[in-house]
Amino acid sequence: MKRTLLSLACVVVAPLAFAQAAAGPDLIITNAKVFTGDPAARFAQAIAITGDHVSAVGTNDQVAGTATDKTKRLDAKGRVNIPGFNDAHTHVCTTPAFQLPVKIESSADDVRAAVESASDETPGDMWITGVIGMKPLDDPTFNSTTLDKISHGHRVFLITHTGHAAIVNSAALQALRTNDSHDPAGGWWQRDASGRSTGKAFEYAEANLQRRWAEDVSEDEAIEDLQRWAENMARLGVTSAQVMPCLGYSRFEKFVRHASLPIRVRVIAMPNTIGDDRNTAELRDMPKPSPARSMLNVSGIKWILDGTPIERGAAMRANYEGTKENGKLNFTNEQIANMLKESVAADEQILLHVVGDRTTDVVLDAFKTSGRTDWKTRRPRIEHGDGITAEELPLIRDLGIVVVENPTHQGPFAKQRLIKSLVKAGIPVAIGSDGPPSNPFNDLERAVTNPANANEALTREEAVDAYTRGAAFAEFTEGEKGTLAPGKLADLAVLSQDIFTVSSSSIPATTSVLTIANGKVIYDAGLLKRQ
Ligand SMILES: [Zn+2]
């Protein structure tokens, strides 16, 4: 079967390459298993790179025929070569702080003890932070007053692993210039019987704190962090990341620009709601998108419309099992309708965090009643999409909505979540890590097994496709990247093992051994040096 495909694959020299044709390609990789992403010829044997782009894909002979004396040659020895991964949904939020050694399973007592010892052992001006689970959040005896007693003036900011709730002490609240006697738009503070805040912030009350906190970072610290992050991405074969930063997009864009990162970054604006309404002022001056071939781009507006099932925040049609709660939409129908209008007025893609089935109903209704018929060209995105039901698939497809899935979310909604059904229905699907942590091989393993419901698992080809071509489509760049074909950007990775044939349980152990972005080697485990 593979042989047939290879003989069908033809070699084409890209028009772009003509100018450089005399010098020939900079690099040819032969004896590879090249996943092209082209459904008509999924696999090829060899690939040539000239400048920033792919100049030929085909059989060994076809591609070797384009080489000259100056061309570097790499024998891939049968290794898999894929278009670089494009993490369609990830977060970068860094502020220097002492990280508590706590786990998602840690009890309120464990977290209390960790805060107490960190407060004894770290300098007073050091923030104390940690990723906590639901136990301290659900425990009424664990609150800002408790933290004030044990933190000796340290600022303590504990964030849940879902990123949708946090607990702060008074010192942190003061440093973050936040008044918790008042709920912001899109979020709320938990209150005791007397109406006093417990220091537990939800949704935009929490997101606004993260924004303020992120602003504390210095440029040097941010750049160092970004470089470490991007190097790690390159090692994992990620050549593009669509980042939703805690920081305002313009400051974050500046840091990324100054860091001159080896991978492509798309910065997505995540406005806050500090004040009584949504803070849309910063969306007025969003830059015009850079050409799709650039390394850095700012585009898109993201809003979080509900929470997650973990803190019972996702808005549901039915009550959460054993409770009288059915979650909550962060915004009114009118506010959601306005988000759609604003995205059109700004000519920006809209990305909506939509988890619960009730939120999905409201959002689809907002698109239906928007009076517009051109959504397909605007490619609105639903992030996560856990609550999408089978009867809504035709409408989602007809509206042209792109769904960005996070296969590592194997929590409470994973049993019902549709992935394969979306692909079958012809809905554009992309995969994102929702990191940190980001590891495309973990995501792939989950996508192809989907342990909570194997019926919705993707094939390996579908999963890689969603992480490359699908993710490019989700950012309007499929003309430039996401597949390996002449003229496409030379963004690719040679992998340590064959992710199409190894057992699914060993997929997470995969790494890249050679990552190329924009035609430049950005990670080499020794492959080229050894030649
Ligand atoms: Zn996210």
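Please read all numbers here as calculations on a predicted model, not as lab measurements.

**Thoughts on the state of the cysteines**
Then, number 1: Applying the stated criterion across every chain yields a total of one disulfide.
Then, number 2: Each sulfur of the disulfide joining Cys93 and Cys246 lies 2.0 Å from the other. Residues Cys93 and Cys246 are joined through a disulfide that is right-handed, its torsion about the S-S bond being 85 degrees. Here Cys93 is found in the loop between β8 (85-92) and β9 (98-99), whereas its partner Cys246 is found in the loop between β15 (238-245) and α9 (249-259), with 153 residues between them in sequence.
Then, number 3: With a relative accessible area of 36%, Cys93 lands in the partly exposed category.

**Section: the nonpolar core**
Then, number 1: Counting residues in hydrophobic clusters, the biggest one holds 90 residues, and the most contacted among them are Trp229, Trp303 and Leu352.
Then, number 2: Take this core: its biggest share by element is seven residues, from helix α8 (residues 219-235).
Then, number 3: Residue-level mapping places this core at the junction of two domains, with at least three residues from each of domain 1 (86-91 + 217-517) and domain 2 (98-214).

**Details of the coordination of the zinc ion**
Then, number 1: Binding of the zinc ion to the protein goes through His89 (NE2), His91 (NE2) and Asp434 (OD), at separations of 2.1 Å.
Then, number 2: Along the chain, the residues donating to the zinc ion fall in the pattern H-x1-H-x342-D. With His89 in strand β8 and Asp434 in the loop between β21 (429-431) and α15 (440-449), this pair connects stretches of sequence that are 345 residues apart.
Then, number 3: Accessibility expressed as a relative area gives 21% for Asp434, which makes it partly exposed.

**Section: the packing of aromatic side chains**
Then, number 1: The final tally for this structure, using the stated rule, is 12 aromatic pairs.
Then, number 2: On the numbers, 5.3 Å between centres and 85 degrees between planes, the contact of Phe85 with Phe441 is edge-to-face. Of this pair, Phe85 sits in strand β8 while Phe441 sits in helix α15, placing them 356 residues apart in sequence. Pair check on accessibility: Phe85 and Phe441 agree, each one buried.
Then, number 3: Considering the side-chain rings of Tyr204 and Trp303, the 6.3 Å spacing of their centres and the 50 degrees angle between planes classify their relative orientation as tilted. On the criterion of sequence distance, the pair formed by Tyr204 in helix α7 (residues 204-214) and Trp303 in strand β17 (residues 296-304) is long-range, its members being 99 residues apart.
Then, number 4: Residue classification places Tyr204 among the buried residues on the basis of a relative accessible area of 2%.

**Details of the domain arrangement of the protein chain**
Then, number 1: Under the domain assignment, the protein chain is made up of domain 1 (86-91 + 217-517) and domain 2 (98-214).
Then, number 2: Of note, the centres of domain 1 and domain 2, computed from C-alpha atoms alone, are 27 Å apart.
Then, number 3: Each partner contributes residues to the interface: domain 1 has 28 residues there, and domain 2 has 19 residues.
Then, number 4: Interface area for domain 1 against domain 2, summed over the two sides, is near 1,900 Å², with a carbon-plus-sulfur share of 56%.
Then, number 5: In terms of surface lost to domain 2, no three residues of domain 1 exceed Cys246, Ile274 and Glu311, which account for 27% of the buried area on that side.
Then, number 6: The shortest N-O distance in the salt bridge between Arg312 and Asp138 comes to 4.0 Å.
Then, number 7: Scanning the region where domain 1 abuts domain 2 turns up 10 residue pairs in polar contact (both at pLDDT 80 or more).

**Observations concerning the pairing of strand β19 (residues 381-384)**
Then, number 1: By the bridge criterion, four bridges tie strand β18 (residues 350-354) to β19 in an arrangement that is parallel. Paired with His353 across the strands is Glu383, a residue of β19.
Then, number 2: Note that β19 and strand β20 (residues 402-405) share three bridges and pair parallel. If you follow Ile382 over to β20, its bridge partner there is Val403.
Then, number 3: The β-α-β motif built from β19, the intervening helix α13 (residues 393-399) and the parallel element β20 has right-handed crossover chirality.

**Considerations on the pattern of salt bridges**
Then, number 1: Evaluated as defined, the whole model comprises 29 salt bridges.
Then, number 2: Across the salt bridge formed by Arg372 and Asp374, the nearest N and O atoms sit 2.9 Å from each other.
Then, number 3: On the basis of relative accessible area, Arg372 is assigned to the partly exposed category, the value being 33%.
Then, number 4: Among the residues examined, Asp374 registers a relative accessible area of 22% and is labelled partly exposed.
Then, number 5: By sharing partners, the salt bridges in this structure join Arg317, Asp361, Glu391 and Glu392 into a single network.

Parameters at a glance
Residues numbered from 1 in each chain as written. Predicted model: local features only at pLDDT ≥ 70, side-chain atom pairs only at ≥ 80, totals over all residues. Heavy atoms only, no water. Disulfide = S-S within 2.5 Å. Helix = DSSP H or I, 4+ residues; strand = E, 2+ residues; numbered from the N terminus. Buried < 20%, exposed > 50% of the residue type's maximum accessible area, 1.4 Å probe, protein only. Core = buried A, V, L, I, M, F, W, Y, C linked by side-chain atoms within 4.5 Å. Domains from an automatic or database assignment. Donors = N, O, S within 2.8 Å, 3.2 Å for Na, K, Ca; no water. Phe/Tyr/Trp six-rings, centres within 6.5 Å; stacked < 30°, edge-to-face > 60°. Contact = heavy atoms within 4.5 Å. Buried area = accessible area lost by both parts, 1.4 Å probe. Salt bridge = Lys/Arg side-chain N within 4 Å of Asp/Glu carboxyl O. Polar contact = N/O pair within 3.5 Å; in protein donor to acceptor, adjacent residues only side chain to side chain. Pairing = 2+ DSSP bridges. Right-handed = clockwise from strand over helix to strand, strands pointing away.

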